[in-house]
Amino acid sequence: MNQQTPIDIERSERTDKLQGMGCKRKRVEDIRFTQGKGNYVDDIKLPGMLFGDFVRSPHAHARIISIDTTRAKALPGVIAVLTAADLKPLGLHYMPTLAGDVQAVLAEEKVLFQNQEVAFVIAEDRYIAADAIELVDVVYDALPCIVDPYKSMSPDAPILREDIKDKMVGAHGPRKHPNHIFEWQIGDQKATDEVFSKADVTIKEMFVDHRTHPSPLETCQCIASMDKIKGELTLWGTFQAPHVIRTVVSLISGLPEHKIHVIAPDIGGGFGNKVGAYSGYVCSVVGSIVLGKPVKWVEDRMENLSTTSFARDYHMTTELAATNEGKILAMRVHVLADHGAFDACADPSKWPAGFMNICTGSYDIPVAHLSVDGVYTNKASGGVAYRCSFRVTEAVFAIERAVEVLAHKLGMDSAELRMKNFIKPEQFPYRAALGWEYDSGDYPTAMKKAMEAINYKQLRQEQAEKREAFRRGETREIMGIGISFFTEIVGAGPSKNCDILGVAMFDSAEIRIHPTGSIIARMGTKSQGQGHETTYAQIIATELGIPADDIMIEEGNTDTAPYGLGTYG
Amino acid sequence: MPKKQISLTVNGRLVEGLVEPRTLLIHFIREQLNLTGAHIGCDTGHCGACTVEMDNMSVKSCMTFALQADGSNITTIEGVANPDGTLSALQEGFRMMHGLQCGYCTPGMIMRAHRLLQENPNPTETEIRYGIAGNLCRCTGYVNIVKAIQYAAAKINGTAFPEAAE
Amino acid sequence: MIPGKFEYYRPGSLNEAVALLSKLGEDARPLAGGHSLIPLMKTRLATPEHLIDLSGIAGLKAIEHEGNALKIGAMASQFELIHSDLIARHIPIIPETSLLIADPQIRYKGTIGGNVANGDPGNDMPALMQCLDATYDVIGPGGARSISARSFYNGAYDTALKSGEIVTSIRIPIPPIGHGYAYEKLKRKIGDYATAAAAVVITMSNGHCQTASIGLTNLSETPLWAEKAGKHLVGSTLDSASVSLAVAAAESIVDPASDMRGPAEYRRKMAGVMLRRAIERAKSRAKA
């Protein structure tokens, strides 16, 4: 520990006094959360508020023969029942996705995944709505379904998306098959294939990063309230990106954006699940516009898990080519991406496979090629970046596992293999074979420090001893050692590369200092537990010299917060 | 179907309400009593976000009908602060030890911990972990939740909790 | 996740409860802790039109010493079983099993009666009761009767209870002092139902097993009392060969479902592993 200079001491005292960066400030959010005084969407009650609930398909793939809402409408307390037939004249039975596809708001002629939304009941309370959804009579004609993405593009595969079956060009280029969404390629295929054909050693493995669900503890929900007299819509909701939702709602409803007020209050976890727009939001908005009353929609856990955006579902055939001594020469990856029934992937628009091309990872790999095929299946649509930026977890999983497999084949320690292949400090800024430029890094030092901190050599020895004892029958316990070296693109930028539906990705902050010396600061981000109210104030306190306790941080209200692309996390 | 009258004590006050037999206790608390601290996370009795204290028991209020609570004594998160309005030891512990992020599981966690510390005023770490097994958190990874409860136990017992100083 | 509509009754006596159940027939269900029934009602997999809440009936929670048995009221909660000195002293395998059921909140409300009577193959108490040779006291329109746990279960959710009958208490013979016991439960996570579980109660004398009783949970449509497996242990020193015979016998009678807890073959093997561990632990606890 270095001796503190007078300047260090002064700085540290200043930090403590201001509760600025570097001090352990207790979270201001916790005062209300520990007292049950958070303000989550379902806590909000408005006079005259109605409640919406969905009728959902039991089938994964079926034609809708008929929908009869008579019995539901006759139930006392039911105000309206919406079907695609009601939304179609408004052009709202489909909505655009963030990935350039369209997604059914309410199923019109077909259902494409189990629990897909078929009708929206609006009633006086949630109990009546729950009864009413059982009274909507839907006749289905079940069709064979596809749940294996490898079967999506078979010649005899049933066509899932009849609504776009004649479109041979999708948002990201030509489609090879009616169930194909896009092919995305990057890198030098010819050069890569050439290296592979001549290499001493190659490995090839299929890694499946299976479909998971972000499953925040609070499900997705909203309240739409249309003021017909002023012609203004207020929409509260679980929105990680409130301004984007405002823009999307404006685009699909035709309401001018300046007359839409979106408010994301406290959110009970997001993890990517609350980035996109869901049928519940659209139907609540339509319901409120038609009925002139607030409409609340709160999904239950089964609805959340089976219909809102999943994460991952990447099938990655990963190959490395190397010399006998363990120098990696090339990487070749093909990904089959299962997007479910609609491509609702929340990636920056130019990146249908997110930043999967970070898959050369932390290593100096001179040539590489990546191709990604996205396909439709009869599953819920998506995916999102669950707790990580766009597809980077998938990419890192692929390269790190591949390095382990290669090490095993070479009979080499995998830490040693990594050290041999890291991008060296003097190589920065480094242009990777698949396009990204890495600005800085010293990977070998980081690796060495980690290995020293856990006494890696000793662990490997312990592992070897345990294996021997196991072989001799002396123990049933063996030991695994896992290494993962994670190079991540954090945040979506720069703007020239990253946009959402044409809105360049950026962030914004607005700081206002009051005459009496306190501050209100608003950002275009939106915390769902990250603690922005506490930490942003610390940053401003350090920079401006005003105590953090005198700084109020606000997010989530699109009327007052400057435009931003929200917070993913 | 005619509604039924119930009468119970909530956070020390006598309350009355009219409920259907099927009205869940969580909805009675949140919608009729406007106590929105208890939350619905899973609706199937797994996550514990709806936990309240009822007749000296930790109860998942989404798994209970309001009618079953007729005549009972209930405490919700809104009722655990000290009489002078300061945070209870548990509420303070959760704040001091960073035992929450989004806050959604927190009222249920605190209500369960509240009962746990009455069952066992000096729990070991293992006893705490088993003791909150009916409460799920998607944000924190539980380590700081355990520390928050240890902090509270130490404060209530008047013993030292070294990690609190950090 | 909102239940369907129903009428609710809270009778003050057993007779009243039985009369209601008889009168209302198939559309009525008794309500004990509710933590099996209410989740089913919320998904509307169960839609009883009438619920008879048993919590208003006095005397159904008592835990008493009756002759050479413990008599436990059907409405005693898992929490009460865990904290009963009487049970801890005489039949410690009961609190050991209770602690492996669900989670603290559910254990406050979940009752032993509910756990044994609803016929859910996943519940832990039924196999334990069969292992302990318990008897269920039942009251119904036809009067009172007693049914042995070992003859109570016909299939999943299919028990010997007739229409209108309620379990009122469970009588369990107290195992001899110094008995060995263990309940081993393999589960995916805390609170889950068993992937496979085994209850073992043994007595030893001069290093030899005198009595052995084995119950198996969630490995078939009903709990299983592995009589033959138990017999392989009797007379032995619980040596490797005898234990292996018992394990093989147990594996041969299980018929687990292939589900999210694993394929049937895996669960069968795990039944054997749990049994082996339970025998080991029971042996370590047995005196003489």
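Residues numbered from 1 in each chain as written. Chains lettered and ligands numbered in written order. Predicted model: local features only at pLDDT ≥ 70, side-chain atom pairs only at ≥ 80, totals over all residues. Heavy atoms only, no water.

Draft legend 1. Region of interest: the domain arrangement of chain B. Residues and elements named next belong to chain B. Looking at the assigned domains, one finds that chain B contains domain 1 (4-79) and domain 2 (89-158). A straight line from the C-alpha centre of domain 1 to that of domain 2 covers 21 Å. With 18 residues of domain 1 at the interface, the matching set in domain 2 holds 14 residues. Counting the surface lost from both domain 1 and domain 2, the interface buries some 1,300 Å², and carbon and sulfur atoms represent 55% of this. Three residues, His-39, Glu-53 and Ile-77, lead the burial of domain 1 against domain 2; their summed loss comes to 39% of the area buried on that side. Here domain 1 is connected to domain 2 by 1 salt bridge. Put simply, Glu-53 and Arg-115 hold a salt bridge, and the shortest N to O gap is 3.2 Å. Of all the secondary-structure elements, those providing two or more residues to the side of domain 1 that touches domain 2 are strand 3 (51-54) and strand 4 (57-60). Here the residues of the side of domain 1 that touches domain 2 sort into 6 nonpolar, 10 polar and 2 charged. (Domains from an automatic or database assignment. Contact = heavy atoms within 4.5 Å. Buried area = accessible area lost by both parts, 1.4 Å probe. Salt bridge = Lys/Arg side-chain N within 4 Å of Asp/Glu carboxyl O. Helix = DSSP H or I, 4+ residues; strand = E, 2+ residues; numbered from the N terminus. Nonpolar A, V, L, I, M, F, W, Y, C, P; charged D, E, K, R; others polar.)

Draft legend 2. How the structure looks around the sheet that holds strand 27 (residues 519-523) of chain A. Residues and elements named next belong to chain A. Here we have 3 strands laid out as an open sheet, ordered 26-27-28, and mixed in their pairing. Of all the strands in the sheet, just strand 26 (509-513) and strand 28 (551-554) have a single pairing partner and so form its edges. Ignoring which end each strand starts from, the neighbouring axes of this sheet average 15° apart. Contacting strand 26, strand 27 and strand 28, helix 14 (residues 532-544) crosses the sheet at an angle of about 135° to strand 28. (Pairing = 2+ DSSP bridges. Axes fitted to C-alpha atoms, helices over the stretch in contact; angles between N-to-C directions.)

Draft legend 3. Seen up close, the sheet that holds strand 8 (residues 137-142) of chain A. All names here are of chain A. Sheet architecture is open: 3 strands sit in the order 6-2-8, paired in antiparallel fashion. The sheet terminates laterally at strand 6 (110-111) and strand 8, the two strands that pair on one side only. Both strand 2 (residues 62-68) and strand 8 contribute to a ladder of 6 bridges, which runs antiparallel. Counterpart to Ser-66 in the pairing with strand 8 is Val-139.

Draft legend 4. Structural context of unusual backbone geometry. All names here are of chain A. The step from Gly-382 to Gly-383 runs through a cis peptide bond, and the omega angle for that step is 15°. Within the secondary structure layout, Gly-383 lies in strand 21 (residues 382-384). Cis geometry marks the peptide bond from Phe-428 to Pro-429, where omega comes out at -5°. As for its placement among the helices and strands, Pro-429 is situated in the loop between helix 11 (414-421) and strand 22 (430-431). You will see that Arg-391, though not glycine, has its phi angle at about 70°, which is positive. If you trace the backbone, Arg-391 turns up in the loop between strand 21 and helix 10 (392-410).

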